[in-house]
Amino acid sequence: MVYTNPPVPRIPLRFEETRVPVWKMNYYYQYVPLILPWLLPSAMFSIVVAAVHAWKTDSLQFAFLFVVLPLAIWIVILKSCAKQLHDPVFAPSFVTAVVITDIVTFIVVLRPAINAGLEVAFAFGAITLLVLYWRVIHSDPGRVAFSVESSACIGEQDRTINPQPEEIPPLEGWNEDNLEGEPLKATDLETGESHQALENSVTNEVTEGGVHAPEAHSLKPLQPARSRYCRKCNALIDHFDHHCPAIKNCVGRKNHVLFLGALTAFIVAEVLYVRCCFKYFEYLNLLAVAKDVPSSTPIGLRGLEHVWLISCQVMSTVPWVTISAVFAAFQAFWQVLLLLFHVYCASVNLTTSEWIKWERYPYLYIELPVSPDRPYRSKKFVNPYDQGVFNNLKQFFRSRV
């Protein structure tokens, strides 16, 4: 009779007991980043409203339940989805959610206090903003077309990228360290494979006949002048300006004017929304300070005290409208600065990439020789494309419309 040892019961490991099923994690990371940007503006405003109410009622329990706890939950969600938040869809969804939140606030709260003229202006501005924003997201920034030609080369395929048309001169100033501006030395435009995968597939092994085979993928890019390669879009953009996460697209020669139009529509709509909020404050008689400022207060500080009292009164009465107006005013402020910067670049016939990274492009600088006063080599900025403000703006709008 053969005796066998009894089977040893398997003890589950600690991490196996608490491990979340894979399908649940997949659903979590798939749908939460898509829903999160649409809920984020309302959640931000709601937390501020709850904080104001807790400050008015002096309730610590209310502050913990409706301010600290929701804020902690949102921080945990954002931390857990940190990698997924870099998805290109996140920023456009968040921007659209902010615009829709302002429109809903206008319809539900502000409309009774607004006159017909301001209501029509805001409605027209909001519709124009949404249309231009949708168009700039789906616009073509000026992608350069390439063709891949195949040719046999000792058992391997040599792929050469040629621009269309052929008479376009090669671009000078390509640099390996550029994020936008990397040469297409290993990008398969037919299959969409990444340049790293193609580089890993390149072999220089000795063949059976003793002959060294050339590289499997020998790419010879020729680019139009002032074009740059964008890694995020995986495309070569003519007159590349920058890659904008808010539109999930690059800004180039074909959509630069459309981008400035959408930016102007944002500014106009936000200014109109702030004006509607102030009309609502006047409708509720919140801009009149009931408490007089003491006469002993210096004249220079009386205005600041009036502003402080009005701000506290408005914030404590209508916190949702106040925080949305402050957020819209902040957005309009930095967007005005961005618009002025783009107008300046257009007036000197430069792109944002050229203005920031001019030291990487040889056509935008000259090297000064070493002299007794300057014992080191230095670069001096030159702009060969500057033809005067009027001609630069004329060329900008003609070439981009």
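Residues numbered from 1 in each chain as written. Predicted model: local features only at pLDDT ≥ 70, side-chain atom pairs only at ≥ 80, totals over all residues. Heavy atoms only, no water.

S.K.: Any details on the overall build of the protein chain? Residues and values, ideally.
M.R.: Of regular secondary structure, the protein chain possesses eleven helices and ten strands. When each of the 401 residues of the protein chain is scored for burial, the buried share is 38%. A sequence separation of at least 24 residues applies to 64% of the contacts in the protein chain between residues at least 6 apart. A total of about 24,400 Å² of accessible surface is found on the protein chain, and carbon and sulfur atoms cover 64% of it. (Helix = DSSP H or I, 4+ residues; strand = E, 2+ residues; numbered from the N terminus. Buried < 20%, exposed > 50% of the residue type's maximum accessible area, 1.4 Å probe, protein only. Contact = heavy atoms within 4.5 Å. Areas by Shrake-Rupley, 256 points an atom, 1.4 Å probe, with all protein chains shown as cover.)

S.K.: Describe the nonpolar core, listing the residues and the values that go with them.
M.R.: Core analysis: the largest hydrophobic core is formed by 24 residues, its most contacted members being Leu-129, Tyr-133, Val-136, Ile-247, Phe-259 and Phe-266. Going through the elements one at a time, α4 (90–110), α5 (116–137), α7 (256–283) and α9 (319–347) are the ones with two or more residues in this core. Setting aside residues up to four positions removed in sequence, Phe-259 forms contacts with Val-136, His-242, Cys-244, Ile-247, Val-251 and His-342. If you look at the next biggest cluster of nonpolar residues, it comprises 19 residues, including Phe-106, Leu-110, Ala-113 and Ala-325. (Core = buried A, V, L, I, M, F, W, Y, C linked by side-chain atoms within 4.5 Å.)

S.K.: Got a sec to walk through the UniProt feature "transmembrane region" (unreviewed entry) in the protein chain? Specific residues and values, please.
M.R.: In the numbering adopted here, UniProt assigns the feature "transmembrane region" (unreviewed entry) to residues 34–54, 60–77, 89–110, 116–134, 257–281 and 318–341. With 100% helix and 0% strand, residues 60–77 has its two end C-alpha atoms placed 24 Å apart. Taken end to end, residues 318–341 is 96% helix and 0% strand, and its first and last C-alpha atoms sit 35 Å apart. (UniProt positions renumbered as here; feature names shortened; annotations may be inferred.)

S.K.: Would you mind going over the side chain of Asn-255 in detail, with residue names and values included?
M.R.: You can see Asn-255 is positioned in the loop between β8 (249–251) and α7. In terms of polar contacts, Asn-255 uses its side chain to reach the backbone carbonyl oxygen of Cys-250, at 2.9 Å. Those residues in contact with Asn-255, other than ones at most four positions away along the chain, are Val-136, Ser-139, Asp-140, Pro-141, Asn-249 and Cys-250. (Polar contact = N/O pair within 3.5 Å; in protein donor to acceptor, adjacent residues only side chain to side chain.)

S.K.: Any details on α4? Residues and values, ideally.
M.R.: Compared with the 30 Å implied by 1.5 Å per residue over 21 residues, the 29 Å span of α4 between its first and last C-alpha is a close match. Among the 21 residues of α4, 15 are classified as buried, and the element is accordingly described as predominantly covered. (Expected span 1.5 Å × (residues − 1).)

S.K.: Which residues make up the pattern of salt bridges, and what are the values?
M.R.: Any two side chains of opposite charge can pair if their charged atoms end up close together. As enumerated under the stated definition, the model contains five salt bridges in all. Notably, a salt bridge pairs Arg-111 with Glu-119, separated by 2.8 Å at the nearest N-O pair. Between Lys-254 and Asp-140 there is a salt bridge, and its shortest N-O distance comes to 3.6 Å. Here the residue Lys-254 occupies a position in the loop between β8 and α7, and Asp-140 occupies one in the loop between α5 and β1 (146–149), the gap between them amounting to 114 residues. Judged by relative accessible area, Lys-254 falls into the partly exposed class, the value being 44%. With a relative accessible area of 32%, Asp-140 lands in the partly exposed category. Sharing partners across several salt bridges, the network here consists of Asp-140, Arg-143 and Lys-254. (Salt bridge = Lys/Arg side-chain N within 4 Å of Asp/Glu carboxyl O.)

S.K.: Please give an account of the layout of surface pockets that cites residues and values.
M.R.: Volume-wise, the largest pocket comes out at about 490 Å³. Taken together, 28 residues make up the lining of the largest pocket; nearest its centre are Val-95, Phe-266, Glu-270, Gln-331 and Gln-335. Within the residue set of the lining of the largest pocket, elements represented by two or more residues are α4, α5, β7 (242–244), α7 and α9. The leading source of residues in the lining of the largest pocket is α7, at seven residues. For the second largest pocket, the calculated volume is near 290 Å³. Lining the second largest pocket we find 15 residues, and of these Pro-88, Lys-232, His-243, Pro-245 and Lys-248 sit closest to its centre. When its residues are assigned to classes, the lining of the second largest pocket shows seven nonpolar, four polar and four charged. (1 Å grid on protein atoms, 1.4 Å probe; cavity = no way out; pocket = protein on both sides within 12 Å on 5 of 7 lines; lining within 4 Å. Points joined across faces, edges and corners; volume = space filled by probe spheres on them. Nonpolar A, V, L, I, M, F, W, Y, C, P; charged D, E, K, R; others polar.)

S.K.: Quick rundown of the packing of α4 against α5? Include the residues and the values.
M.R.: Where α4 contacts α5, the axes come no closer than 12 Å and their chain directions differ by 165 degrees. The angle between the axes of α4 and α5 places the two elements in the roughly antiparallel class. For the pair α4 and α5, the crossing hand works out as left-handed. For the pair α4 and α5, the contacting residues are Ala-91, Pro-92, Val-95, Thr-96, Val-99, Ile-103 and Phe-106 in the first and Glu-119, Phe-122, Ala-126, Leu-129, Leu-130, Tyr-133 and Ile-137 in the second. Residues belonging to the contact of α4 with α5 are distributed by class as follows: twelve nonpolar, one polar and one charged. (Axes fitted to C-alpha atoms, helices over the stretch in contact; angles between N-to-C directions. Parallel < 35°, antiparallel > 145°, perpendicular 65-115°, else oblique. Left-handed = near helix turned anticlockwise from the far one by under 90°.)

S.K.: Summarise the environment of Val-318; cite the residues concerned and give the values.
M.R.: Inspection of the secondary structure puts Val-318 in the loop between α8 (299–317) and α9. Residues Val-318 and Leu-286, spaced 32 residues apart in sequence, show a C-alpha to C-alpha distance of 9.5 Å. Dropping the residues within four chain positions of it, Val-318 is found in contact with Tyr-280, Phe-281, Leu-284 and Leu-286.

S.K.: Before we move on, can you summarise unusual backbone geometry with the specific residues and values?
M.R.: Even without being a glycine, His-239 presents a positive backbone phi close to 50 degrees. Position of His-239 among the secondary structure elements: in the loop between β6 (235–237) and β7. Even without a glycine there, the phi angle at Lys-248 is positive, about 55 degrees. Mapping Lys-248 onto the fold places it in the loop between β7 and β8.

S.K.: Could you give an account of the environment of Cys-250, naming the residues involved and the relevant values?
M.R.: Tracing the backbone shows Cys-250 in strand β8. In this structure, the C-alpha to C-alpha distance between Cys-250 and Ala-235, residues 15 residues apart in sequence, is 9.4 Å. In this structure, Cys-250 is in contact with Pro-141, Cys-230, Cys-233, Ile-237, Phe-240, His-242, His-243 and Asn-255, ignoring residues within four places of it in sequence.

S.K.: Can you tell me about the confidence of the model for the protein chain, naming the residues and giving the values?
M.R.: Here the protein chain averages 75 in pLDDT, and 68% of its residues register 70 or above. In this model residues 13–20 is a low-confidence stretch, pLDDT under 50, and it forms three contacts with partners more than four residues away in sequence or in other chains. When the criterion is pLDDT under 50, residues 147–221 qualifies, and its contacts beyond four places in sequence or with other chains add up to 143 contacts. (pLDDT = per-residue confidence, 0-100.)

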